[in-house]
Amino acid sequence: MPRTLILGGAGFIGYHIGLRLAGEGHDLTIVDDLSRGRQDDELASLCARPNVTFVEADLTRPDALPSVAREWDGVYMLAAVVGVRNVEKDPARVVRTNTLSLMHLLDWLTPAAGVLFFASTSETYAGGVTAGTVPVPTPEDVALSVEDIRAPRFAYAASKILGEAAVIHTARARKLAAVIGRFHNVYGPRMGADHVVPELSLRALRRENPFRLYGADQRRAFCHVTDTVEAILRLTASEAAWGQIVHIGNDSEETLIGDLASLVLREADFAPVIERVPAPAGSVARRCPDIGLLRRLTGFVPKVSIEAGVRDTFAWYRQWHERRGGRR
């Protein structure tokens, strides 16, 4: 039975990886401090399985993991503070949490831990895309740049750039197997309320009218969490990917935010007056990954269309909204 450790396993992507691996029979340990991950019925159901163990721990503490075994087939580092609101409200917390959690993990890891997967982000490119020095669709080998160090949203990207460097160089120096995945607009059920698909869904369910739509002309290439998990697991299983930075996303379709809103409103059976307003400051006009490297390494092909993904995600948020009595 494979032994797997997921750090940040109560969060969005971490939970979905855990659900998949637990179903495949892995001996699974989930570590989370529950500061952002959800302690809900879905997590409780996952942790109730006989092959799943949950450990509540603050990964910013250097003594968070000594009681956890060190021999694994795979370690997935998903623990981080993410989300525009969190970054703008407390950027110092973002840098502190994301950096300390990873550094303590790297100090604790040994080659017996198997393959390390580190979750990074397309936000690492935001400065270059805005400045026009980075092409879209974006390959992994472009130069990362800082357009404005004072930009509040850069705190998150900076923490992930530092994390990538720490993983790459530590893995090489200590002969650890590791792969870095840069996520591009992953969405799906149970991702919280502060990302564009759930935010649009919840506002539609609340019947907001007029319906304010930010950055309707911006484009994003969305990747459903089911496809994301498949890509992650293929990367960690491919020795050719170890030591590399690889995009995880969907380059087969780009979606206007205005069209995304139309899909959500159709699922909600709601036709409000649309009030178009500018996109939030620091939000890039277009984001789409080049996933050619992911395809070459793993044969990965995205399967979930934006229509099917929005339908699936909206249905989950409708149930969540109803369980909460119509509140956010």
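Each remark here, short or long, concerns the structure printed above.
Presented here is a report on the structure given in the accompanying data block. Just so you know, the residues in each chain are numbered from 1, in the order the chain's sequence is written. Under the rules for a predicted model, residues below a pLDDT of 70 receive no local features and side-chain atom pairs below 80 are neither given nor counted, while totals for whole chains, interfaces and linings still include all residues. Values reported for side chains reflect all heavy atoms of the structure, with hydrogen atoms and water molecules removed beforehand.

Some thoughts on the side chain of threonine 313
Summarising the element assignment, threonine 313 is placed in helix H11 (residues 306-323). Any two residues whose heavy atoms approach within 4.5 Å are treated as being in contact. Every residue in contact with threonine 313, bar those within four places of it in the chain, is listed here: Tyr187, Gly188, Pro189, Val197 and His224. A run of H or I in DSSP counts as a helix once it spans at least four residues, and a run of E counts as a strand once it spans at least two, with each numbered from the N terminus.

Overview of the nonpolar core
Among the buried residues, those of types Ala, Val, Leu, Ile, Met, Phe, Trp, Tyr and Cys that are joined through side-chain atoms within 4.5 Å form a nonpolar core. Exposure is judged per residue with a 1.4 Å probe applied to protein chains only, and the accessible area is read against the type maximum: over 50% gives exposed, under 20% gives buried, and values in between give partly exposed. In terms of nonpolar packing, the biggest core is built from 62 residues, with Ile13, Ile17, Tyr76 and Phe183 touching the most fellow members. By residue number, the principal contributor to this core is helix H9 (residues 257-268), which donates seven residues.

Notes on the side chain of threonine 298
Tracing the backbone shows threonine 298 in helix H10 (residues 292-298). Threonine 298 gets classed as buried once you look at its relative accessible area, which sits at 16%. We define a polar contact as two N or O atoms separated by no more than 3.5 Å, with the added condition that, inside protein, one atom must be a possible hydrogen donor and the other a possible acceptor, whereas residues neighbouring each other in sequence contribute only through side-chain atom pairs. Within polar-contact distance, the side chain of threonine 298 engages the backbone oxygen of leucine 294 at 2.7 Å. A polar contact of 3.1 Å, which involves the side chain of threonine 298, links it to the backbone nitrogen of phenylalanine 300.

Some remarks on the pattern of salt bridges
The rule for a salt bridge is simple: a side-chain nitrogen of Lys or Arg has to be within 4 Å of a carboxyl oxygen of Asp or Glu. Under the criterion given, the structure shown has 17 salt bridges. A salt bridge links arginine 234 to glutamate 230; its shortest N-O distance comes to 2.6 Å. Of the two residues, arginine 234 and glutamate 230 are both situated in helix H8 (residues 225-237); the distance of four residues between them amounts to about one turn of the helix. Look at arginine 234 and you get partly exposed, because its relative accessible area is 29%.

Observations concerning the sheet that holds strand S4 (residues 74-77)
By the convention used here, strands pair only if DSSP detects at least 2 bridges between them. In space, the seven strands of this open sheet follow the order S3-S2-S1-S4-S5-S6-S11, with parallel pairing throughout. Of all the strands in the sheet, the pair left with one neighbour each is strand S3 (52-56) and strand S11 (245-248). Ignoring which end each strand starts from, the neighbouring axes of this sheet average 20° apart. Direction of pairing for strand S1 (residues 3-7) relative to strand S2 (residues 27-32): parallel, over a ladder of five bridges. For leucine 7, the partnering residue across the bridge sits in S2 and is valine 31. Strand contacts of helix H1 (residues 12-23): S1, S2, S3, S4 and strand S6 (177-183), with the helix running at about 165° to S1, the strand carrying the most contacts. Across the sheet, helix H4 (residues 91-108) touches S1, S4 and strand S5 (115-121), and the angle it forms with S4 is around 165°. Lines fitted to C-alpha atoms define the axes, with helix axes restricted to the stretch in contact, and inter-axis angles between N-to-C directions lie between 0 and 180 degrees.

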